[in-house]
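These are the residues of each chain, in order.
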Amino acid sequence: MKVQRILPTEEAADLLDLVRDLTEGELAPRVAEFEANHEFPREVVRTLGKAGLLSLPYPEEYGGGGQPYEVYLQALEQIAYHWLAVAESVNVHNLACFGTATYGTRAQREELLPGMLSGELLGAYCLSEPEAGSDAASLSTKAVKEEDGDYRISGTKSWVTHAGYADFYNVFSRTGGPGARGLSCLVVPGGTPGMVVHEREKKLGVWSSPTAQIGFEDVRVPSGRLIGREGKGFLIAMGALDCGRLGIAACAVGLAQAAVDYAVRYAKERRQFGEKIINFQGIGFLLADMATQVAAARALTLAAARLKDAGLPYSLEAAKAKLFATDMAMKVTTDAVQVLGGAGYVADHPVERWMREAKLLQIVEGTNQIQRLVISQGLA
Ligand SMILES: Cc1cc2nc3c(=O)[nH]c(=O)nc-3n(C[C@H](O)[C@H](O)[C@H](O)COP(=O)(O)OP(=O)(O)OC[C@H]3O[C@@H](n4cnc5c(N)ncnc54)[C@H](O)[C@@H]3O)c2cc1C
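Being a predicted model, the structure only gives us computed values, none of them experimental.

A few points about unusual backbone geometry
- At His162, a residue that is not glycine, the phi angle is positive and equals roughly 75°.
- By the element assignment, His162 lies in the loop between strand 3 (151-161) and strand 4 (168-174).
- For Glu365, which is not a glycine, the phi torsion comes out positive at approximately 55°.
- Tracing the chain through its elements places Glu365 in the loop between helix 10 (351-361) and helix 11 (368-379).
- On the basis of relative accessibility, which here comes to 12%, the residue Glu365 falls in the buried class.

Thoughts on the UniProt feature "domain: Acyl-CoA oxidase/dehydrogenase middle" (unreviewed entry) in the protein
- According to UniProt, the positions carrying the feature "domain: Acyl-CoA oxidase/dehydrogenase middle" (unreviewed entry) are residues 124-219.
- Annotated as residues 124-219, this span is 0% helix and 46% strand, and its ends, taken at the C-alpha atoms, are 16 Å apart.

Some words on the site of the ligand
- Around the ligand, the structure places 16 residues, and the nearest of them are Tyr125, Ser128, Ser134, Trp159 and Thr367.
- Between Trp159 and the ligand, the recorded distance is 2.8 Å, taken from a backbone N or O atom to a nitrogen atom.
- Within the side chain of Thr161, a nitrogen or oxygen atom sits 2.9 Å from a nitrogen atom of the ligand.
- Considering the ligand on its own, with 970 Å² of exposed area, one finds that the protein chains cover 65% of that surface.
- Among the cavities detected, the one that contains the ligand is the largest pocket.

Details of the domain arrangement of the protein
- Along its sequence, the protein is carved into domain 1 (10-117), domain 2 (123-230) and domain 3 (235-379).
- Distance from the C-alpha centre of domain 1 to the C-alpha centre of domain 3: 20 Å.
- Facing 19 residues of domain 1, the contacting portion of domain 3 comprises 30 residues.
- Contact between domain 1 and domain 3 buries roughly 2200 Å² in total, counting both sides, with carbon and sulfur atoms accounting for 69%.
- Its largest share of buried area at the contact with domain 3, domain 1 owes to Tyr69, Tyr81 and Leu84, together 29% of the area lost on that side.
- Inspection of the region where domain 1 meets domain 3 yields 2 salt bridges.
- Here Glu77 ties to Arg298 by a salt bridge, and the two come within 2.8 Å at their closest N and O atoms.
- For the pair domain 1 and domain 3, the number of links is 7 residue pairs in polar contact (both at pLDDT 80 or more).

What about the layout of surface pockets?
- Looking at the largest pocket, its volume works out to about 1000 Å³.
- Taken together, 39 residues line the largest pocket, and the ones lying closest to its centre are Ser128, Ile363, Val364, Glu365 and Gly366.
- Looking at the lining of the largest pocket, the elements that each hand over two or more residues are helix 5 (84-103), strand 1 (123-126), strand 3, helix 7 (233-269), helix 10 and helix 11.
- Counted as a void, the second largest pocket has a volume near 400 Å³.
- Lining the second largest pocket we find 19 residues, and of these Val31, Ala32, Pro350, Arg353 and Trp354 sit closest to its centre.
- Breaking the lining of the second largest pocket down by element, the ones donating at least two residues are helix 2 (31-37), helix 4 (69-82), helix 7 and helix 10.
- Built from parts of two domains, the lining of the second largest pocket gets at least three residues from each of domain 1 (10-117) and domain 3 (235-379).

Notes on the environment of Thr211
- By the secondary structure assignment, Thr211 is in strand 7 (residues 211-221).
- Residues Thr211 and Gly104, 107 residues apart in the sequence, show an inter-C-alpha distance of 27 Å.
- Apart from residues no more than four positions distant in its own chain, Thr211 is found in contact with Trp159, Val160, Arg200, Glu201 and Lys203.

Notes on the environment of His93
- The residue His93 is located in helix 5 in this model.
- Looking at His93, the relative accessible area reads 0%, which means it is buried.
- In the structure, His93 is positioned 30 residues away from Gly123 in sequence and 4.7 Å away in space, judged by C-alpha atoms.
- Here His93 is in contact with Leu54, Met116, Leu121, Leu122, Gly123, His162 and Phe168, once residues within four sequence places are set aside.
- Here Met116 takes part through its backbone oxygen, which lies 2.9 Å from a polar atom of the side chain of His93.

What counts, and at which threshold
- Residues numbered from 1 in each chain as written.
- Predicted model: local features only at pLDDT ≥ 70, side-chain atom pairs only at ≥ 80, totals over all residues.
- Heavy atoms only, no water.
- Helix = DSSP H or I, 4+ residues; strand = E, 2+ residues; numbered from the N terminus.
- Buried < 20%, exposed > 50% of the residue type's maximum accessible area, 1.4 Å probe, protein only.
- UniProt positions renumbered as here; feature names shortened; annotations may be inferred.
- Near = heavy atom within 4 Å.
- Polar contact = N/O pair within 3.5 Å; in protein donor to acceptor, adjacent residues only side chain to side chain.
- Areas by Shrake-Rupley, 256 points an atom, 1.4 Å probe, with all protein chains shown as cover.
- 1 Å grid on protein atoms, 1.4 Å probe; cavity = no way out; pocket = protein on both sides within 12 Å on 5 of 7 lines; lining within 4 Å.
- Sits in = over half its atoms within 2 Å of the grid points.
- Domains from an automatic or database assignment.
- Contact = heavy atoms within 4.5 Å.
- Buried area = accessible area lost by both parts, 1.4 Å probe.
- Salt bridge = Lys/Arg side-chain N within 4 Å of Asp/Glu carboxyl O.
- Points joined across faces, edges and corners; volume = space filled by probe spheres on them.

Next comes the structure, spelled out in structure tokens:
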């Protein structure tokens, strides 16, 4: 990936060099095989964790990288450039650390964060349910406080990324009445009795990332695992999603940049009518538009990240970045298939996989219809 970047510090530039070396050395050679085998690359994710890349935006005090979001997102883009499923893992893990890092008490942060940020443990974020997707505030998983103070969770969570692999799960549950104010966030250790991981979903793409439903059958969790106060769950879930949407936008930029670079290389080699196809204006202009769209999405994403880094409101800008970058990635990866012609439609080249993968980004962490809803409400 040859992208000119202005980074805020020399440390950030060194970090991006490290990420490039690591992704080229550890991710690029493995992605095709793991995707084809539908195998979760737990060891690869662990390697990133050991290099500090699973916790870049979190405080150094607790073992995080202490990096601004602007830098974290560029690292994530580089990871997505080589392997979207691994970038998604990094993004989901960061979502799962958000509640404890932002709303945890000092004691909870001291107890839980070093493990979460060490790179060894992996997190999951359980908001969606079979009957509560876009309308997350209507979720029905219950957490009932027992006489001994423990919570007992029962219900079903759907679409859980890292289901069965995560070491800790943020489980958003109803502790109060209906609506957003009745929700709370509990951190549940993986393997707690009563957690039943269902069969893995058979997806259109991102096959190496495990996604499954989890049943919670009277799962007991100590009250010390309640993050924030009772009733704060929706606020925590939405705060995490604001960050996560920036992450998804960065993933979309990385994926689309990979598609542009691949399509350009192909178009410079493939000849028809005695010419390199890049010299046909129909292809050259298509590639020009693709490259421009990626650059625009990157600029929008980093502009939103800089607002967050400055402590300014950024939710609406995160929604715009997620919407624009993921729609862009869908179009750019589809156009990359077109540039390769028949070769683009078969698994000999990665562009068909990237096109399948791009679709996911328009759906997760709030569909693009929901982003438009958020943006339009912000305009009203
Ligand atoms: C591979 C994968 C991994 C995922 N990982 C996780 C995870 O780790 N944790 C987690 O909690 N969730 C996860 N999700 C769930 C994801 O966030 C939801 O799929 C998403 O929020 C949409 O919910 P839904 O699928 O129930 O669709 P629905 O909410 O049923 O929506 C169906 C359609 O209706 C549209 N729609 C709904 N409401 C409105 C409205 N008000 N206005 C206009 N259109 C509307 C939607 O945009 C969509 O097109 C994952 C999903 C997938 C596919």
